[in-house]
Every structure is written in structure tokens, then in C-alpha cells.
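Chain residues, written in single-letter form:
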Amino acid sequence: MSEKPGWKEIPEGGVILQAGSAAEYKTGDWRTQRPVIDRDLCINCLICWINCPDSSIVVEDGKFKDFDLDHCKGCGICASVCPKDAIHMEPER
């Protein structure tokens, strides 16, 4: 798999002409906080997945698998909508 360029490599004025082509860029580079999940509290309701504006919740076999931190902007919506408080935000390392 080839390494995806960061958001800083997007040409000025942008050349993203096709819908969904931003997936080729690591747009999560400017994140200041990252989501962290407590898997013991997670009930796999996927409300986080439904509400994530960046499609950064990875689901496999109908269950939460991981966060796509290459594209997560750290907005915290996933943490705010979690009914079990299984997701919290931590400062980016």
C-alpha cells in the first residue's frame, strides 16, 4: 500500500475534482485531540459511526473495530453522542 500524502500536500486551490477523492490525503494531520474507546463500555450501537462527519469510525461485522486516525479531525462528536460514555478525547501526542 502506498503512503498517502498529508493535507499539506494538497495543491493550492485544490485539485480535488471528484467526490470522495479527499480519501487519498491524510486530512487528520491537524487534529489536536484523538478519540479513545473503552471497549469494556462499548455496546456496538454504532451511534458514533452514524454521526462521524469524516467516516472515521471503522466497522467490521457490524461492530466497532477502530478509528481511522488518518482522516479523523478530532471533533469529538463520537464522544459526545456515545450513550455509554465509551469514547473520550485525549490530547494528541
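Everything discussed here concerns the structure shown above.
These numbers come from a predicted model, not from an experiment.

Give me the overall build of the protein: which residues, what numbers.
Helix and strand counts for the protein come out as 2 helices and 4 strands. In the protein, buried positions account for 28% of the 93 residues. When contacts within the protein are restricted to residue pairs at least 6 apart in sequence, long-range pairs at least 24 apart make up 53% of them. When the accessible surface of the protein is split by element, carbon and sulfur atoms take 51% of a total near 6,400 Å².

Outline the pairing of strand 2 (residues 57-60), supporting the account with residue identities and numerical values.
Note that strand 2 and strand 3 (residues 63-67) share 4 bridges and pair antiparallel. Counterpart to V58 in the pairing with strand 3 is D66. Hairpin geometry of strand 2 and strand 3 is characterised by an intervening segment of 2 residues between the two adjacent antiparallel strands and by a positive phi of about 55 degrees at D61.

Now, about a nonpolar patch on the surface: what can you tell me, with residues and values included?
The grouping of W49, I50 and V59 at the surface amounts to a nonpolar patch, some 300 Å² of accessible area in total. The topology assignment puts V59 in strand 2. For V59, a relative accessible area of 31% corresponds to the partly exposed category.

With reference to specific residues and values, describe unusual backbone geometry.
Phi is positive for N44, which is not a glycine, with a value near 55 degrees. Mapped onto the elements, N44 comes out in the loop between strand 1 (33-37) and helix 1 (47-51). In this structure N44 comes out as partly exposed when scored by relative accessible area, which is 28%. Positive phi outside glycine occurs at D61, with the angle close to 55 degrees. On the secondary structure map, D61 appears in the loop between strand 2 and strand 3. Judged by relative accessible area, D61 falls into the exposed class, the value being 75%.

Report on the nonpolar core, specifying residues and quantitative values.
Membership of the largest hydrophobic core is limited to 12 residues, which are I37, L46, C48, C52, I57, F64, F67, C78, A79, C82, A86 and I87. Secondary structure elements with two or more residues in this core: strand 3 and helix 2 (77-81). The contact partners of F64, leaving out residues within four places of it in the chain, are I37, R39, C42, N44, L46, C48, I57 and V58.

Give a detailed account of the pattern of salt bridges, specifying residues and quantitative values.
For side chains of opposite charge, pairing can occur when their charged atoms come near one another. The full count for this structure, using the stated rule, is 4 salt bridges. Measuring nitrogen to oxygen at the nearest pair gives 3.1 Å for the salt bridge that ties D54 to K73. Placement of D54 in the loop between helix 1 and strand 2 and of K73 in the loop between strand 3 and helix 2 is noted, with a sequence separation of 19 residues between them. Looking at K73, the relative accessible area reads 22%, which means it is partly exposed. If you follow the salt bridges from partner to partner, you end up with R31, R34 and E92 in one network.

The rules behind each value
Residues numbered from 1 in each chain as written. Predicted model: local features only at pLDDT ≥ 70, side-chain atom pairs only at ≥ 80, totals over all residues. Heavy atoms only, no water. Helix = DSSP H or I, 4+ residues; strand = E, 2+ residues; numbered from the N terminus. Buried < 20%, exposed > 50% of the residue type's maximum accessible area, 1.4 Å probe, protein only. Contact = heavy atoms within 4.5 Å. Areas by Shrake-Rupley, 256 points an atom, 1.4 Å probe, with all protein chains shown as cover. Pairing = 2+ DSSP bridges. Patch = residues over 30% accessible without salt bridge, like charges linked within 9 Å, V, L, I, M, F, W, Y side chains within 5 Å. Salt bridge = Lys/Arg side-chain N within 4 Å of Asp/Glu carboxyl O. Core = buried A, V, L, I, M, F, W, Y, C linked by side-chain atoms within 4.5 Å.

In short, shape yes, function no, at least from these values alone.
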